[in-house]
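Spelled out from the first residue to the last, the chains are:
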Amino acid sequence: MQPRTPLLLCVLLSQVLLLTSAEDLDCTPGFQQKVFHINQPAQFIEDQAILNLTFSDCKGNNKLHYEVSSPYFKVNNDGSLVALKNITAVGKTLFVHARTPHAEDMAELMIVGGKDIQGSLQDIFKFARTSPVPRQKRSIVVSPILIPENQRQPFPRDVGKVVDSDRPEGSKFRLTGKGVDQEPKGIFRINENTGSVSVTRTLDRETIATYQLFVETTDVNGKTLEGPVPLEVIVIDQNDNRPIFREGPYIGHVMEGSPTGTMVMRMTAFDADDPATDNALLRYNIRQQTPDKPSPNMFYIDPEKGDIVTVVSPALLDREFQATVEEGVVGVIVNLTVEDKDDPSTGAWRAAYTIINGNPGQSFEIHTNPQTNEGMLSVVKPLDYEISAFHTLLIKVENEDPLVPDVSYGPSSTATVHITVLDVNEGPVFYPDPMMVTRQENISVGSVLLTVNATDPDSLQHQTIRYSVYKDPAGWLNINPINGTVDTTAVLDRESPFVHNSVYTALFLAIDSGNPPATGTGTLLITLEDVNDNAPFIYPTVAEVCDDAKNLSVVILGASDKDLHPNTDPFKFEIHKQAVPDKVWKVSKINNTHALVSLLQNLNKANYHLPIMVTDSGKPPMTNITDLRVQVCSCKNSKVDCNAAGALHFSVTSVLFMSLFSLACL
């Protein structure tokens, strides 16, 4: 068992090139108008245009040729029908046949008021390649009908017409044959009065290429008067089949050092379209060569025959494997192939690969594909172009089973793989990331927070870096695009909803000048130190008490502050500028955050407003004054009446219970 000395050709052949495009399917070959009516003039004037015909084969009308059923007329290149000399009588009908290498069609010119000319229709179809010549003794005139496959709705659609110049009055046309009354039935039908032939569905040339139909005329009882006359329907091929390679995968071998022009293999593709048209004309092309070293064009394929030959010097046909990989990418980069004639079902065939040199950083691994016995060489740690652009690996291959002693096995079972690392424009990297600063909230607008630092890993490209703000939820920050200095554009507020646990997070971008540019993202964490900028507030702000209560406790007040310690509690509670007589109200401290408001005497039923002042422990302290509305209510028979005070109704029991419960929770 040994590595193959022939160079393995690993090429991806293109889908075989076609001479038509998918747009051809939207074009219908033939005359745009197939039937014309003109009045019989006193005379057809030489070289004077009678009408204009429009024909297209959907492929450029190359080698377009017109023929007219009368020798006295011709069709010019621009489609104009003219007389070759001054002539009066030409009959009731003229037929014009158009033909290119890709399509053909027939147009009919009905001359209103024209007179029959005996035998004038004998040679109408002499120029049609596949149509039979009408029999002189018959008045039924048919021409081949050409229908493109893959036509779209609507159906039915007229595709041709049968002419009977001597049809008796009351007679009818009848159409028979495969596609009418024989399977596949119902594809074609004829208007029994006008002779118009129509198709009822889409046709597929690859299923049936031609239909042999028969036309006859019958009397009112269905008895045949004339015919049957054969009518051929030809399905025009459209380029609706992709060429395919029926075999494969194809593996070619060529000995290293072979002369230029050495035959490697022959590719053969198949196309189901009409072989007589360009729709099945195939062209071969090599789409990709892997690897693309030492030359991206090691081989050439004959565009018509499909033969693949070498086109480089013998020195470039070297069996040492080449591979390329972009920096920062992991995965399989090359498959190594060995040749072993042992039984594939045994360990004597199965190969084991080992990297024995060139892998100090353990960036590469190789494993055996159990189906193909190939060695799959992979990058498992991203490579860095700036550190090393080339790697050379020495790989050993051996069987799972030990070799039989005293048997000659040929050359060494090692192979060399040259790996080229491709430079990729990597995004700049912020250092450190995340970046962290600590500032007091409420610092002045325009204060500098820090200068960010980002470096470009592509040190050999000498690129410049510009900075921009990526995410700044509160809109507080600005960054200098050149030097990366970050300053404030608004007041920083620790109590903002955009701040979480006193930390504000913003993201910045560093963009290099590569083509295309690459971007790196950096995170800035701003820890905001608390400043005593929030006054405390009390709760609740409404209380009730009975006018004859024996317990003169009114309410337990609590206080809260958005700031952090030591700018919060202990709070100081007091009555501010008392507007009622002295010795009526009293505020007593319960703990650092709560105080009890009580009466020193009973009051009459009414609403009383008591200004409570609460002060925090900040330096300097912040004070807030809030009106406490006390409703003195009438309490009789366990009912509370606060109507005069405009208050809600609670029982005396509930008022006392709420007060006692609040105290118990402190």
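On a predicted model such as this, the values are computed, not experimentally measured, just so you know.

Caption draft 1: Structural view of the environment of Ile 556. Tracing the chain through its elements places Ile 556 in strand E46 (residues 553-560). Exposure remark for Ile 556: the relative accessible area of 11% places this residue in the buried category. Separated by 31 residues in sequence, Ile 556 and Val 587 place their C-alpha atoms 9.4 Å apart.

Caption draft 2: Fine view of the pairing of strand E14 (residues 145-148). Burial along E14 is two-sided: Ile 145 and Ile 147 facing one way and Leu 146 and Pro 148 facing the other are all buried. Of the strand pairs in this sheet, E14 and strand E21 (residues 224-236) are connected by four bridges, and their pairing is parallel. Residue pairing for E21: Pro 148 is matched across the bridge by Ile 236.

Caption draft 3: View of the side chain of Ser 171. Examined against the element boundaries, Ser 171 turns out to sit in the loop between strand E16 (163-164) and strand E17 (172-177). Discounting chain neighbours no more than four positions away, the residues touching Ser 171 are Glu 192, Thr 218 and Leu 225.

Caption draft 4: Inspection of unusual backbone geometry at higher detail. With an omega dihedral of -5°, the bond running from Phe 155 to Pro 156 counts as a cis peptide bond. Note that Pro 156 resides in the loop between E14 and strand E15 (157-161). In this structure, the amide linkage connecting Tyr 431 to the following residue, Pro 432, adopts the cis form with an omega of -10°. Along the chain, the position of Pro 432 falls in the loop between strand E35 (429-430) and strand E36 (435-440). Of note, the phi angle at Asn 150 is positive, near 65°, even though the residue is not glycine. On the basis of relative accessible area, Asn 150 is assigned to the partly exposed category, the value being 25%.

Caption draft 5: Fine view of the sheet that holds strand E10 (residues 80-83). Read from one edge to the other, the open sheet built from three strands follows the order E6-E10-E9, with strand pairing classed as antiparallel. Every other strand in the sheet has two partners, leaving strand E6 (49-52) and strand E9 (73-75) as the edge strands with one partner each. Taken over all neighbouring pairs, the strand axes of this sheet differ in orientation by 20° on average, direction set aside. Pairing geometry for E6 and E10, over three bridges, is antiparallel. Following the sheet pairing, Asn 52 is matched in E10 by Ser 80.

Caption draft 6: Broad picture of the packing of aromatic side chains. Scanning the model with the defined rule gives eight aromatic pairs in all. Ring geometry for Phe 31 versus Phe 55: centroids 5.4 Å apart, planes at 65°, classification edge-to-face. On the criterion of sequence distance, the pair formed by Phe 31 in strand E4 (residues 30-31) and Phe 55 in strand E7 (residues 55-56) is long-range, its members being 24 residues apart. Residue classification places Phe 31 among the buried residues on the basis of a relative accessible area of 5%. Judged by centre distance (5.9 Å) and plane angle (75°), the rings of Phe 245 and Tyr 250 are edge-to-face.

Caption draft 7: Looking closely at the nonpolar core. Among the nonpolar cores identified, the biggest contains 29 residues, and Val 554, Leu 557, Phe 573, Trp 585, Val 597, Leu 599 and Leu 628 are the most heavily contacted of them. Those elements that provide at least two residues to this core are strand E45 (542-546), E46, strand E49 (594-599), strand E50 (606-615) and strand E51 (623-636). It is E51 that provides the largest number of residues to this core, a total of five residues. The contact partners of Leu 599, leaving out residues within four places of it in the chain, are Val 545, Leu 552, Val 554, Val 584 and Trp 585.

Caption draft 8: Looking closely at the side chain of Thr 310. By the secondary structure assignment, Thr 310 is in strand E26 (residues 307-310). Given the relative accessible area of 1%, Thr 310 is considered buried. A distance of 3.1 Å separates a polar atom in the side chain of Thr 310 from the backbone oxygen of Pro 259. Setting aside residues no more than four positions away along its own chain, Thr 310 makes contact with Val 254, Pro 259, Thr 260, Gly 261, Thr 262, Val 264, Met 298, Phe 299 and Leu 317.

Criteria and thresholds
- Residues numbered from 1 in each chain as written.
- Predicted model: local features only at pLDDT ≥ 70, side-chain atom pairs only at ≥ 80, totals over all residues.
- Heavy atoms only, no water.
- Helix = DSSP H or I, 4+ residues; strand = E, 2+ residues; numbered from the N terminus.
- Buried < 20%, exposed > 50% of the residue type's maximum accessible area, 1.4 Å probe, protein only.
- Pairing = 2+ DSSP bridges.
- Contact = heavy atoms within 4.5 Å.
- Axes fitted to C-alpha atoms, helices over the stretch in contact; angles between N-to-C directions.
- Phe/Tyr/Trp six-rings, centres within 6.5 Å; stacked < 30°, edge-to-face > 60°.
- Core = buried A, V, L, I, M, F, W, Y, C linked by side-chain atoms within 4.5 Å.
- Polar contact = N/O pair within 3.5 Å; in protein donor to acceptor, adjacent residues only side chain to side chain.

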